[in-house]
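Working through the structure, step by step
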Amino acid sequence: MTEVAAALIWKENRFMICQRPAHKSCGLLWEFVGGKAEPGETLPETLIRECREELGVTVQVGEPFMEVTHQYPDITVHLTLFHASIAQGEPQKLEHNDIRWITPAEIPAYSFCPADKVILERIQAEYGQA
C-alpha cells in the first residue's frame, strides 16, 4: 500500500484544489495538493516537501482531517488529508495544470480523483454552505 499525504488548505470560506497534469494518471482531474511518502519520511514531512515541489510554498501541517484507503486499478493508496496553512509563499503552478479556490457548494462543478470522493462528501457535510 502506498502512503499519500495531502493538504486541506483554506482561505476564508474556500479551499484549494489542484488540477492534475494531462500526461499523468487521472489526468486533468482535480485533487488536493500532496503526494507519495518517500522511505523514512513522516506524512507531515511528505506534505511539506510536496507543497514546496508542487506549489513553491511552505506549509504548516495541522491535524489530520480524514484518512481514506482507495484501490485504483494499478495502485492502492492510503491517503491522509491534513489541515494545513500556507506559512510562506504564494501558490504557483509548478506541476499542476491549474489551481483554484472553491467553496464546498462548488464541489459538484469539478471532476475529482476517485480517492477524494468520500473526503469531498465530508467537507460538504461539515462546511456545507458556510
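Check the entry above for the structure.
The structure contained in this document is the topic of the report that follows. (Residues numbered from 1 in each chain as written. Predicted model: local features only at pLDDT ≥ 70, side-chain atom pairs only at ≥ 80, totals over all residues. Heavy atoms only, no water.)

The next point concerns the overall build of the chain. From N to C terminus, the chain includes two helices and seven strands. For the chain, the N- to C-terminal ordering of α and β elements is β-β-β-β-α-β-β-β-α. The C-alpha radius of gyration computed for the chain amounts to 14 Å, which stays within 12% of the reference 14 Å derived for 130 residues, consistent with globular compactness. Each principal axis of the C-alpha distribution contributes one length, and for the chain these read about 40 × 35 × 30 Å. Expressed as a percentage of the 130 residues in the chain, the buried residues total 44%. For the chain, long-range pairs separated by at least 24 residues make up 67% of all intrachain contacts whose partners lie at least 6 apart in sequence. Summed over its atoms, the accessible surface of the chain is roughly 6,800 Å², and 49% of this surface lies on carbon and sulfur atoms. The average position of the 11 basic charges and that of the 19 acidic charges among the side chains of the chain differ by 5 Å. (Helix = DSSP H or I, 4+ residues; strand = E, 2+ residues; numbered from the N terminus. Rg over C-alpha atoms; globule rule 2.2 N^0.38 Å. Buried < 20%, exposed > 50% of the residue type's maximum accessible area, 1.4 Å probe, protein only. Contact = heavy atoms within 4.5 Å. Areas by Shrake-Rupley, 256 points an atom, 1.4 Å probe, with all protein chains shown as cover. Lys, Arg positive; Asp, Glu negative; His and termini not counted. Charge placed at Lys NZ, Arg CZ, Asp CG, Glu CD.)

Here the focus is helix H2 (residues 117–127). Those residues of H2 that fall on the buried side of the exposure criterion are Ile-119, Leu-120 and Ile-123. The buried residues of H2 occupy an angular sector of 95 degrees when the element is viewed end-on, so they sit on one face. Residues of H2 that are exposed and angled more than 90 degrees away from the buried face: Lys-117 and Ala-125. The inward-facing, buried residues of H2 contact strand S1 (2–11), strand S2 (14–19), strand S5 (58–71) and strand S6 (76–88). (Arc of directions from axis to C-beta.)

One broad rule of soluble globular proteins: the nonpolar side chains tend to lie buried together. Of all hydrophobic cores here, the largest spans 23 residues; its most connected members are Phe-15, Phe-32, Phe-112, Ile-119 and Ile-123. Listing elements by their share of this core, those giving two or more residues are S1, S2, S5, S6 and H2. Among all residues touching Phe-15, those that are not within four sequence positions of it are Leu-8, Ile-9, Trp-10, Phe-32, Arg-100, Trp-101, Ile-102, Thr-103, Pro-104, Ile-107, Leu-120 and Ile-123. Ala-5, Ala-7, Leu-43 and Val-59 belong to the second-largest nonpolar core, a separate cluster that totals 15 residues. (Core = buried A, V, L, I, M, F, W, Y, C linked by side-chain atoms within 4.5 Å.)

This part covers the pattern of salt bridges. Under the criterion given, the structure shown has 10 salt bridges. The salt bridge partner of Arg-20 is Glu-31, with a shortest N-O separation of 3.0 Å. On the criterion of sequence distance, the pair formed by Arg-20 in the loop between S2 and strand S3 (30–31) and Glu-31 in strand S3 is long-range, its members being 11 residues apart. With respect to burial, Arg-20 and Glu-31 carry one shared label: buried. Glu-126 is paired through a salt bridge with Arg-122; the nearest N and O atoms lie 2.5 Å apart. On the criterion of helical spacing, the pair formed by Glu-126 and Arg-122 is a turn pair, its members being four residues apart in helix H2. When its relative accessible area of 45% is taken as the criterion, Glu-126 is described as partly exposed. Sharing partners across several salt bridges, the network here consists of Glu-38, Glu-41, Arg-49, Glu-50 and Glu-53. (Salt bridge = Lys/Arg side-chain N within 4 Å of Asp/Glu carboxyl O.)

With that out of the way, let us pick up unusual backbone geometry. Residue Glu-12 is not a glycine yet carries a positive backbone phi of 55 degrees. Within the secondary structure, Glu-12 is located in the loop between S1 and S2. Glu-12 gets classed as exposed once you look at its relative accessible area, which sits at 77%. Even without a glycine there, the phi angle at Leu-28 is positive, about 70 degrees. Leu-28 gets classed as partly exposed once you look at its relative accessible area, which sits at 39%.

Any functional reading would require information beyond the geometric quantities listed.
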